[in-house]
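For reference, the chains in residue letters:
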Protein chains: 4
Amino acid sequence: MKEQKWKTRTDLALEITENLGETEIEDGVSIQINYNENHNMKETIIRILNKNGEQTIGKPIGTYITIEGEDLSLPDESYHKEMSCFLAKRLAYILKQYKHILVAGLGNDQITSDSLGPDVIKNLFVTRHLMKEGIVKNARLVSALIPGVMGQTGIETVEIIKGTVKEIKPDVLLVIDALAARNVKRLNKTIQICNTGIAPGSGVGNHRKEISKKTVGVDVIAIGVPTVIAVPTLVNDALSLLTEDADEMSLNHYIVPELLDMFVTPKNIDEAVKKISYTISEAINEIVI
Amino acid sequence: MKEQKWKTRTDLALEITENLGETEIEDGVSIQINYNENHNMKETIIRILNKNGEQTIGKPIGTYITIEGEDLSLPDESYHKEMSCFLAKRLAYILKQYKHILVAGLGNDQITSDSLGPDVIKNLFVTRHLMKEGIVKNARLVSALIPGVMGQTGIETVEIIKGTVKEIKPDVLLVIDALAARNVKRLNKTIQICNTGIAPGSGVGNHRKEISKKTVGVDVIAIGVPTVIAVPTLVNDALSLLTEDADEMSLNHYIVPELLDMFVTPKNIDEAVKKISYTISEAINEIVI
Amino acid sequence: MKEQKWKTRTDLALEITENLGETEIEDGVSIQINYNENHNMKETIIRILNKNGEQTIGKPIGTYITIEGEDLSLPDESYHKEMSCFLAKRLAYILKQYKHILVAGLGNDQITSDSLGPDVIKNLFVTRHLMKEGIVKNARLVSALIPGVMGQTGIETVEIIKGTVKEIKPDVLLVIDALAARNVKRLNKTIQICNTGIAPGSGVGNHRKEISKKTVGVDVIAIGVPTVIAVPTLVNDALSLLTEDADEMSLNHYIVPELLDMFVTPKNIDEAVKKISYTISEAINEIVI
Amino acid sequence: MKEQKWKTRTDLALEITENLGETEIEDGVSIQINYNENHNMKETIIRILNKNGEQTIGKPIGTYITIEGEDLSLPDESYHKEMSCFLAKRLAYILKQYKHILVAGLGNDQITSDSLGPDVIKNLFVTRHLMKEGIVKNARLVSALIPGVMGQTGIETVEIIKGTVKEIKPDVLLVIDALAARNVKRLNKTIQICNTGIAPGSGVGNHRKEISKKTVGVDVIAIGVPTVIAVPTLVNDALSLLTEDADEMSLNHYIVPELLDMFVTPKNIDEAVKKISYTISEAINEIVI
């Protein structure tokens with residue numbers, strides 16, 4: 001069933017619901033859409049409510065907020081500032097009950113499309129050491145971690161996070177990660193926030209086992225941005241337009257094996273990742289003080 | 001005829017000849033293949049001899065040497081050393097008549113897949129200033145230039161090169177550039193050397209007008225390595241396997257406009273470009289002294 | 001007279017005038033100081049008026065504007081925005097008569113403290129190619145160049161600039177460069193603008209012959225920021241406090257030769273250069289449209 | 001007693017013994033020197049044997065091996081290969097009893113002079129995940145970690161390491177770190193290996209509490225390379241040559257406070273750190289298989 005997997009090679013709950021008919025998502029899933037025309041933003045809140053919903057969407061019970069902003073990949077500073085404020089409001093609400101936030105920037109900082117997580121950490125205002133020393137007061141405790149990827153460390157990301165969580169005992173883990181999308185129009189233009197953690201096998205680099213309350217011992221909030229499309233997804237979608245039978249054909253006939261592991265990125269990926277990671281770190285910084 | 005263009009979206013003379021039947025390349029083109037099994041390398045020398053050959057291949061009269069090395073994208077140092085020596089031999093022969101070589105590293109050093117040219121310059125042993133001051137003697141004059149791309153400079157690459165050529169008067173211009181391939185098996189595994197310069201519209205970033213003896217005033221040798229595949233090329237090739245009619249269909253139906261400007265790269269592109277650029281700069285360094 | 005050279009190892013006209021007694025600068029030099037307390041900025045305008053002034057200051061006839069901003073090396077965005085606006089006003093006045101500006105970012109982008117110039121170019125809004133194609137209208141023509149350093153290219157910076165100037169014929173050359181300061185309090189906190197070009201032997205990397213109207217054929221405006229202190233300058237200043245005789249002693253006794261070529265930088269040099277280069281490129285961008 | 005601290009601002013045991021008279025190091029310290037003239041290397045083995053030795057040298061009981069190689073900062077590949085082999089031999093002996101090695105690259109990868117540790121990790125051949133999956137057999141277990149610095153993470157380096165050690169249970173921790181030297185001739189030319197861990201307050205960035213068997217629970221071997229000199233050390237040494245009284249004077253009179261936190265680095269620090277980190281990672285890679 002490899003084709004099956006390819007077709008659903010998206011980390012965005014939003015893209016999964018879009019592909020389903022209305023009747024299919026009726027039970028166990030609620031969808032709410034907010035438009036903000038002034039700011040050219042659209043927010044979709046998908047709630048997976050029960051086992052039924054889990055099965056339909058293929059993601060665990062929880063809330064998935066998707067914020068789409070057409071200009072997010074452009075170097076328009078005032079737009080990024082607005083998005084930052086909007087995101088900060090959402091985060092303030094989601095994180096309000098937690099005193100000490102550990103932010104983990106997942107991904108490989110040597111690969112541009114996968115460096116979103118580490119880049120967010122590099123612009124973050126961390127306070128834990130400053131508050132311990134009394135240099136900063138009345139702020140929220142923020143600590144941060146760039147665990148790297150298994151190819152670099154030989155260690156599962158979740159092992160490093162779990163070990164650090166046990167030592168410093170944060171109240172919540174906020175993970176930032178680059179995702180894979182299905183639709184090219186979402187690349188670098190969408191931010192997904194969910195409260196279910198990160199499932200194995202998703203993301204750009206497949207770099208971890210599940211990171212969730214079950215594995216790390218504290219609540220996990222995940223922020224993700226799609227920065228790539230997998231090549232098989234892309235080809236499958238093109239073929240689907242040509243033939244009704246694409247579902248039943250093996251993509252193996254149309255793609256050489258080397259391509260299965262390749263990704264599609266826009267030319268301006270370096271700049272786009274820089275901009276969006278800055279927007280996310282500014283949003284987090286805003287809720288610190 | 002955009003589809004036409006997409007299908008031939010390769011900068012490798014080798015890939016064009018492969019797609020033609022034997023009778024088609026009979027007149028005006030000669031092809032010679034050398035295997036070096038010890039070193040897991042294959043060399044193809046394509047000579048376009050006359051107007052007929054020009055029309056068939058779609059590239060100007062001249063010689064196109066393609067060196068394919070399966071392990072070129074891997075971090076195997078001894079293999080890279082061998083490839084470096086092999087390349088140095090070819091360059092020594094091609095450049096033997098020139099005293100002063102200006103090496104220009106084309107491309108955008110901020111985009112990994114396009115940074116091959118600038119990366120080669122960064123490892124180059126330049127001698128011009130040292131020989132002028134008498135610090136180095138009995139070496140070949142080597143100077144270098146990273147002209148940048150038009151999006152960054154507002155200046156055509158050929159204008160910067162031409163201006164510099166007029167000032168420092170080299171005997172030959174050696175340009176290094178990242179190319180687009182058609183076949184994923186060639187990505188980061190093939191080096192093309194030609195004596196015709198660089199034609200407009202090729203390369204990763206379309207970043208220049210023709211760079212040739214006609215435009216810069218001195219002989220031009222070009223070294224290119226394919227580091228990306230254009231998305232339309234990829235999809236077209238997949239569709240061709242599905243239907244005989246792909247030739248006549250418009251790819252516009254199968255690809256959203258955003259994708260037309262995107263590229264496919266392997267995940268290890270950062271490491272691959274680093275390795276190959278080093279191999280090329282070492283080959284050039286070898287012929288300096 | 002090496003000590004002599006060491007003691008004056010500053011590229012800032014301001015630091016030279018500070019070391020001179022009032023009577024010494026009386027003739028041929030005018031100094032005007034503007035404070036802007038709201039914005040925590042101080043502007044000093046030094047005019048070298050004649051040969052007398054040239055001899056006293058050791059710099060050519062012309063105007064040297066120094067803008068000092070205490071918070072310039074800090075990541076305070078609103079302060080940087082103010083500085084950007086202030087700088088834009090000065091540049092708008094100085095450059096008002098020119099239609100086409102070529103901006104050259106001098107220095108080695110591989111060495112943090114010397115990468116200010118190239119970094120400015122990377123954030124610049126260049127318009128020349130867009131206006132040629134009619135995509136942008138009613139803007140000022142801006143083109144840009146990162147010539148590299150002689151150790152990398154074997155070519156004098158002035159040769160590449162001169163060649164490009166002849167090809168594209170700008171009305172003025174605006175060069176951006178990292179400088180050496182004498183006083184640590186000025187590091188990454190001072191911007192100098194002058195209309196005399198750049199003299200040999202200054203800057204972090206000593207990477208050029210004179211770049212001036214005489215050598216490149218168009219007016220030259222230079223923007224410089226001190227990012228380093230030379231080690232001999234530093235030691236000499238410390239010794240001067242200890243003994244009146246420092247002037248006459250040879251620093252050779254107190255510094256091993258290896259140190260003569262080393263530089264002092266603050267730990268946060270990476271961040272400071274990133275911030276200031278962004279502020280300068282924003283100021284230039286502001287006068288484009 | 002700040003001057004006292006400044007004068008001893010070296011992380012090299014070798015530089016401490018050099019400053020002491022022969023009688024002072026008689027008791028509790030043994031020193032053995034090996035020359036390897038063929039390879040232009042000198043090895044000094046300092047053993048601190050007891051409390052007496054600890055007090056004299058100011059470092060804990062243990063063995064400190066210093067390898068000096070004049071050409072270590074130069075881009076001479078064959079020399080680096082020799083140094084790599086030499087270092088590999090020492091490491092093979094020191095680490096022979098351990099099956100699973102966790103290598104931690106300390107320091108800030110955003111500051112060139114402090115990025116030695118992270119750079120070593122980036123070139124390391126890690127095997128833990130490959131051996132778990134059976135892809136690699138008969139190799140030594142190697143895992144790796146880039147913990148970052150407290151300014152970036154808000155977490156003590158030792159906390160992240162300790163947490164990870166508890167999760168993955170290595171037999172030994174090998175830490176790599178950039179150090180501060182006193183003598184400019186040692187910058188980027190010396191490698192120190194010791195079996196005592198890392199004491200608080202040393203290194204470029206003061207970025208941790210003690211990392212030792214006591215704090216992390218497994219044996220700790222440390223590899224360090226001096227990449228900077230602290231400015232106060234430098235000035236103090238210059239002043240000492242001028243006056244006998246330097247010991248008793250306050251450096252505060254000769255150095256402005258801003259300088260106390262600045263460092264001296266050579267211009268080629270970027271290249272030097274790249275070369276040496278590669279040499280160290282190659283040495284570690286050699287003992288893996």
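Only a predicted model underlies this, so the values are computations on that prediction, with no experimental measurement involved.

## Digging into the overall build of chain A
Alright, step 1. Counting its secondary structure elements, chain A contains 12 helices and 9 strands.
Alright, step 2. Pairs at least 24 apart in sequence give 73% of the contacts found in chain A among residues at least 6 apart.
Alright, step 3. Surface summary for chain A: the accessible area is close to 11,800 Å², and the carbon and sulfur share equals 49%.

## Some points on the interface of chain C and chain A
How big an interface is tends to be stated in terms of accessible area lost as the parts join.
Alright, step 1. Taken residue by residue, the interface counts 4 residues in chain C and 4 residues in chain A.
Alright, step 2. Interface area, chain C with chain A, both sides summed: about 290 Å², of which 7% is carbon and sulfur.
Alright, step 3. Taken as a group, C:Glu77, C:Lys81 and C:Tyr278 account for 89% of the area that chain C buries against chain A, more than any other trio of residues on that side.
Alright, step 4. Joining chain C to chain A, the criterion identifies 0 salt bridges.
Alright, step 5. Our count for the contact surface shared by chain C and chain A stands at 0 residue pairs in polar contact (both at pLDDT 80 or more).
Alright, step 6. Of all the secondary structure elements, the ones that give two or more residues to the side of chain C that touches chain A are α4 (77-94) and α12 (269-286) of chain C.

## What to know about the pattern of salt bridges
Residues and elements named next belong to chain D.
Alright, step 1. In total, this model carries 44 salt bridges over all chains according to the counting rule given.
Alright, step 2. For glutamate 54, the salt bridge goes to lysine 51, with nearest N and O atoms at 3.2 Å. Within this pair, glutamate 54 and its partner lysine 51 are both found in helix α3 (residues 51-57), separated by 3 residues, close to a single helical turn.
Alright, step 3. For lysine 51, a relative accessible area of 62% gives the class exposed.
Alright, step 4. Lysine 122 is the salt-bridge partner of aspartate 109, the closest N and O atoms lying 3.7 Å from each other.

## Re the relation of the copies chain C and chain A
Alright, step 1. Rotating chain C by 180 degrees and moving it 0.0 Å along the rotation axis overlays it on chain A with an RMSD of 0.0 Å. Considering both components of the superposition, the chain copies are consistent with a two-fold axis. The position closest to the rotation axis in chain C is occupied by the C-alpha of C:Glu77, lying 6.0 Å away.
Alright, step 2. The residues that chain C uses at the interface reappear at the interface of chain A in 100% of cases, marking a shared surface.

## What about the packing of helix α4 (residues 77-94) of chain A against helix α12 (residues 269-286) of chain A?
Residues and elements named next belong to chain A.
Alright, step 1. One way to put it is that α4 packs onto α12 with a least axis distance of 8 Å and a crossing angle of 45 degrees. Considering the angle they form, α4 stands oblique to α12. As α4 packs across α12, the resulting crossing turns out to be right-handed. Every residue of α12 that contacts α4 at Glu77, His80, Met83, Ser84, Cys85, Leu87, Ala88 and Leu91 is listed here: Lys275, Ile276, Thr279, Ile280, Glu282, Ala283, Ile284 and Glu286.
Alright, step 2. Classifying every residue of the contact of α4 with α12 gives 9 nonpolar, 3 polar and 4 charged.

## Things to note about a negative patch on the surface
Alright, step 1. A surface patch of negative charge is lined by A:Asp76, A:Glu77, A:Glu82, C:Asp76, C:Glu77 and C:Glu82.
Alright, step 2. Those elements that place two or more of their residues in the negative patch are α4 of chain A together with α4 of chain C.
Alright, step 3. Looking at the secondary structure, you find C:Glu82 in helix α4.
Alright, step 4. Classification of C:Glu82 as partly exposed rests on a relative accessible area of 30%.

## Here's the deal with helix α4 (residues 77-94) of chain B
All names here are of chain B.
Alright, step 1. The end-to-end C-alpha distance of α4 is 25 Å, a good match for the 26 Å that 18 residues give at a rise of 1.5 Å each.
Alright, step 2. Of all the positions in α4, only Tyr79, His80, Met83, Ser84, Phe86, Leu87, Ala88, Leu91 and Ile94 are classed as buried.
Alright, step 3. Against the buried residues of α4 lie β1 (29-36), β2 (41-48), β3 (62-69), β7 (190-194), β8 (219-230) and α12 (269-286).

## Considerations on α12(A)
Alright, step 1. An ideal rise of 1.5 Å per residue puts 26 Å on 18 residues; α12(A) measures up with 26 Å between its terminal C-alpha atoms.
Alright, step 2. Residues of α12(A) that are buried include every one of A:Ile269, A:Asp270, A:Ala272, A:Val273, A:Ile276, A:Ser277, A:Thr279, A:Ile280, A:Ser281, A:Ala283, A:Ile284 and A:Asn285, and no others.

## Comments concerning the packing of aromatic side chains
Alright, step 1. According to the stated counting rule, one finds 0 aromatic pairs over all chains in the structure shown.
Alright, step 2. The lysine or arginine in question, D:Lys96, covers the ring of D:Tyr93, its NZ or CZ lying 4.0 Å from the ring centre.

## What about unusual backbone geometry?
Alright, step 1. We note that A:Asn138 has phi near 55 degrees; this positive angle belongs to a residue other than glycine.
Alright, step 2. Unusually for a residue other than glycine, D:Lys169 sits at a positive phi of about 50 degrees.
Alright, step 3. Positionally, D:Lys169 belongs in the loop between α8 (157-168) and β6 (172-181).
Alright, step 4. The class of D:Lys169 is exposed, set by a relative accessible area of 60%.

## Concerning the environment of D:Val172
Alright, step 1. Note on placement: D:Val172 falls in strand β6.
Alright, step 2. Taking C-alpha positions, D:Val172 is 7.5 Å from D:Ile221, a pair spaced 49 residues apart along the chain.

## Let's talk about the pairing of strand β7 (residues 190-194) of chain D
Residues and elements named next belong to chain D.
Alright, step 1. Taking burial as the measure, the 5 residues of β7 include 5 buried ones, the bulk of the element.
Alright, step 2. Pairing between strand β3 (residues 62-69) and β7: 5 bridges, direction antiparallel. Its bridge partner lying in β7, isoleucine 67 is registered against isoleucine 191.

## What about the pairing of β1(B)?
Residue and element names in this part refer to chain B.
Alright, step 1. In this sheet, β2 lies alongside β1 in antiparallel orientation, the contact comprising 8 bridges. Paired with isoleucine 31 across the two strands is isoleucine 46, which belongs to β2.
Alright, step 2. Counted along the chain from β1 to the antiparallel partner β2, the turn is 4 residues long, and its residue asparagine 40 has a positive phi close to 55 degrees.

## Topic: the confidence of the model for chain A
Residue and element names in this part refer to chain A.
Alright, step 1. Averaged over all residues, the pLDDT of chain A equals 84, while 86% of them reach at least 70.
Alright, step 2. Within chain A, strand β4 (residues 100-105) carries the highest mean pLDDT (98), whereas helix α1 (residues 2-7) carries the lowest (37).
Alright, step 3. Low pLDDT (under 50) marks residues 1-8, which in the prediction has 11 contacts with non-local residues, meaning those over four places away or in another chain.

## Some thoughts on the nonpolar core
Alright, step 1. Core analysis: the largest hydrophobic core is formed by 55 residues, its most contacted members being A:Ile161, A:Leu173, A:Val175, D:Ile161, D:Leu173, D:Val175 and D:Ile211.
Alright, step 2. Apart from the residues lying within four places of it in its own chain, the contact partners of D:Val175 are D:Ala104, D:Leu106, D:Ile198, D:Ile211, D:Val220, D:Ile221, D:Ala222 and D:Ile223.
Alright, step 3. Formed by 54 residues, the second largest nonpolar core is a distinct cluster that contains B:Ala13, B:Ile16, B:Tyr64 and C:Ile160.

## Focus: the side chain of A:Thr279
All names here are of chain A.
Alright, step 1. Turning to its location among the elements, threonine 279 is positioned in helix α12.
Alright, step 2. You can call threonine 279 buried: its relative accessible area is 2%.
Alright, step 3. The contacts of threonine 279, once residues within four sequence positions are left out, are His80, Met83 and Ser84.

## Points about the environment of D:Ala13
All names here are of chain D.
Alright, step 1. Structurally, alanine 13 can be placed in helix α2 (residues 13-18).
Alright, step 2. The spacing of alanine 13 and isoleucine 46 is 33 residues in sequence and 7.5 Å in space, taken between C-alpha atoms.
Alright, step 3. For alanine 13, the contacting residues outside a window of four places in its chain are Ile46, Lys59, Tyr64 and Gln192.

## Some thoughts on the environment of A:Gln32
Residue and element names in this part refer to chain A.
Alright, step 1. Note that glutamine 32 resides in strand β1 (residues 29-36).
Alright, step 2. In this structure, the C-alpha to C-alpha distance between glutamine 32 and histidine 100, residues 68 residues apart in sequence, is 30 Å.
Alright, step 3. Once residues within four sequence positions are removed from consideration, glutamine 32 is found in contact with Glu43, Thr44, Ile45 and Arg47.
Alright, step 4. Polar side-chain contacts of glutamine 32 include one of 3.4 Å to the side chain of arginine 47.

## Some remarks on the state of the cysteines
Alright, step 1. Within the structure shown, the criterion is met by 0 disulfides over all chains.
Alright, step 2. A:Cys85 carries a free sulfur, and the closest cysteine sulfur to it, the one in C:Cys85, is 19 Å from it.

How each quantity is defined
Residues numbered from 1 in each chain as written. Chains lettered and ligands numbered in written order. Predicted model: local features only at pLDDT ≥ 70, side-chain atom pairs only at ≥ 80, totals over all residues. Heavy atoms only, no water. Helix = DSSP H or I, 4+ residues; strand = E, 2+ residues; numbered from the N terminus. Contact = heavy atoms within 4.5 Å. Areas by Shrake-Rupley, 256 points an atom, 1.4 Å probe, with all protein chains shown as cover. Buried area = accessible area lost by both parts, 1.4 Å probe. Salt bridge = Lys/Arg side-chain N within 4 Å of Asp/Glu carboxyl O. Polar contact = N/O pair within 3.5 Å; in protein donor to acceptor, adjacent residues only side chain to side chain. Buried < 20%, exposed > 50% of the residue type's maximum accessible area, 1.4 Å probe, protein only. Least-squares fit on C-alpha atoms with pLDDT ≥ 70 in both. Axes fitted to C-alpha atoms, helices over the stretch in contact; angles between N-to-C directions. Parallel < 35°, antiparallel > 145°, perpendicular 65-115°, else oblique. Left-handed = near helix turned anticlockwise from the far one by under 90°. Nonpolar A, V, L, I, M, F, W, Y, C, P; charged D, E, K, R; others polar. Patch = residues over 30% accessible without salt bridge, like charges linked within 9 Å, V, L, I, M, F, W, Y side chains within 5 Å. Lys, Arg positive; Asp, Glu negative; His and termini not counted. Charge placed at Lys NZ, Arg CZ, Asp CG, Glu CD. Expected span 1.5 Å × (residues − 1). Phe/Tyr/Trp six-rings, centres within 6.5 Å; stacked < 30°, edge-to-face > 60°. Lys NZ or Arg CZ within 6 Å of the ring centre and 35° of its normal. Pairing = 2+ DSSP bridges. pLDDT = per-residue confidence, 0-100. Core = buried A, V, L, I, M, F, W, Y, C linked by side-chain atoms within 4.5 Å. Disulfide = S-S within 2.5 Å.

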